[in-house]
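What the coordinates show
The residues making up each chain are set out below.
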Amino acid sequence: MKLRQPNALVPCFVFGKITMALKASCSSRQASARAFGYQRPLPSAGRVLRCHATGDMGRREFLQAASAAVLLSASPAFAAKAPKGYSPVEDLQDSYKFLYPFGWQEVAVKGADVVYKDVVEPLESVSVTLTATDKNDITEFGGLETVAETLAKDVLTAPGTEVKLISTSQRELKGHNYYEIEFTATNPRYTRHQLAVVACNNGTFYTLTTGANERRWDKMKEKLQTTVRSFQLLN
């Protein structure tokens, strides 16, 4: 996979680079020498398929599209609990759920399982990326600070970006650990204030990333924090 140019919608996942960067950052810890053992991108089985009423679509294709839509629809219980101003996503196929600001639109971005963005502010978006790994919990990749710094500086941003790590936190919910990261990424054109949460389960590495232009951070901060904290694995 070639290195992508800066993209506000989805992290620049370069699997070999991730492995090398984390090995370098964890070189002083033998137990972490094999951290972030990425293998391959997972197929986006839970994505909503765009259906158009044309004579070329057969019954089988229509049923497949309908099934995918159902898998990504939030359950009535989760939808009912969504706070005002947020829309729920519940992916039963890939086993995760989260909330995003109401009014954001789904867009297709190669390499992401799902992406929603503001149609007016291009830097305001949320994406979920799934990656195959040989680990079953985020703590197996190393300590919070080490993983957070490597993700912010070597994985979630493009080369040449000035990265400032602001804060990190860890939470545990129903047997799953989550690492949460806050940082800014600055290039000659803009500064994006970003939040990310990563978790691991059943051989899948989950990354949810969201953010906004630094000039709009105060306005969007609470909404984006809610999005990150709402991210949960389903099993």
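Residues numbered from 1 in each chain as written. Predicted model: local features only at pLDDT ≥ 70, side-chain atom pairs only at ≥ 80, totals over all residues. Heavy atoms only, no water.

Labelled according to an unreviewed UniProt entry, the protein appears under the name PsbP C-terminal domain-containing protein, originating from Volvox africanus.

**A word on the pattern of salt bridges**
What counts here: A pairing counts as a salt bridge when a side-chain nitrogen of Lys or Arg comes within 4 Å of a carboxyl oxygen of Asp or Glu. Put simply, DSSP marks the helices as runs of H or I at least four residues long and the strands as runs of E at least two long, and each gets a number from the N terminus on. Summary of the burial criterion: residues with accessible area below 20% of their type's maximum are buried, those above 50% are exposed, and those between are partly exposed, where the area comes from a 1.4 Å probe applied to protein chains only.
Taken as a whole, this structure holds six salt bridges when the rule is applied. A salt bridge links Glu121 to Arg216; the shortest N-O distance between them is 3.9 Å. Of this pair, Glu121 sits in the loop between β5 (114–117) and β6 (125–133) while Arg216 is found in the loop between β10 (204–213) and α5 (217–230), placing the two residues 95 residues apart along the sequence. Each member of the pair Glu121 and Arg216 is classed as buried. Among the ionic contacts, a cluster of salt bridges with common partners joins Glu121, Glu124, Arg215 and Arg216.

**Re the nonpolar core**
As a reminder, the rule being used: By nonpolar core is meant a set of buried Ala, Val, Leu, Ile, Met, Phe, Trp, Tyr and Cys residues that side-chain atoms within 4.5 Å join together.
In terms of nonpolar packing, the biggest core is built from 23 residues, with Tyr96, Phe98, Tyr116, Leu208 and Phe231 touching the most fellow members. At four residues, the largest contribution of residues to this core is made by α5. Listed in part, the 18 residues of the second largest apolar core include Phe141, Ala152, Val155 and Phe183.

**A short note on the environment of Asn136**
Selection criterion: Contacts are assigned to residue pairs with any non-hydrogen atoms lying within 4.5 Å of each other.
Tracing the chain through its elements places Asn136 in the loop between β6 and α4 (144–155). Owing to a relative accessible area of 45%, Asn136 belongs among the partly exposed residues under this scheme. Considering only alpha carbons, one finds Asn136 and Thr204, 68 residues apart in sequence, at a separation of 7.4 Å. Here Asn136 is in contact with Cys200, Asn201, Asn202 and Gly203, once residues within four sequence places are set aside.

**Regarding α5**
This is how the line gets drawn: What a helix should span is 1.5 Å times the count of its residues minus one. Bend at a given residue is defined as the angle between two axes, one fitted to the seven residues that end at that position and one fitted to the seven that begin there.
Relative to the 20 Å expected for 14 residues at 1.5 Å per residue, α5 spans 19 Å between its end C-alpha atoms, a close match to the ideal helical length. Maximal helix bending in α5 amounts to about 25°, located at Lys223. All of the buried residues along α5 are Trp217, Met220, Leu224, Gln225, Thr227, Val228 and Ser230.

**Considerations on the side chain of Glu180**
Worth spelling out the cut-off: Here a polar contact is taken to be a pair of N or O atoms separated by no more than 3.5 Å, where protein atoms must pair a possible hydrogen donor with a possible acceptor and residues adjacent in sequence count only if both atoms sit in side chains.
Residue position: Glu180 is located in strand β8 (residues 176–186). Given a relative accessible area of 11%, Glu180 falls into the buried group. In terms of polar contacts, Glu180 uses its side chain to reach the side chain of Arg171, at 2.4 Å.

**Topic: the environment of Asn235**
Position of Asn235 relative to the elements: it lies in the segment after β11 (232–233). Given a relative accessible area of 48%, Asn235 falls into the partly exposed group. Taking the C-alpha atoms as reference points, Asn235 and Lys174, separated by 61 residues in sequence, lie 8.6 Å from one another. The residues touching Asn235, leaving out its near neighbours within four places in the chain, are Ser95, His176, Asn201 and Asn202. There is a polar contact of 3.1 Å between the side chain of Asn235 and the side chain of Ser95.

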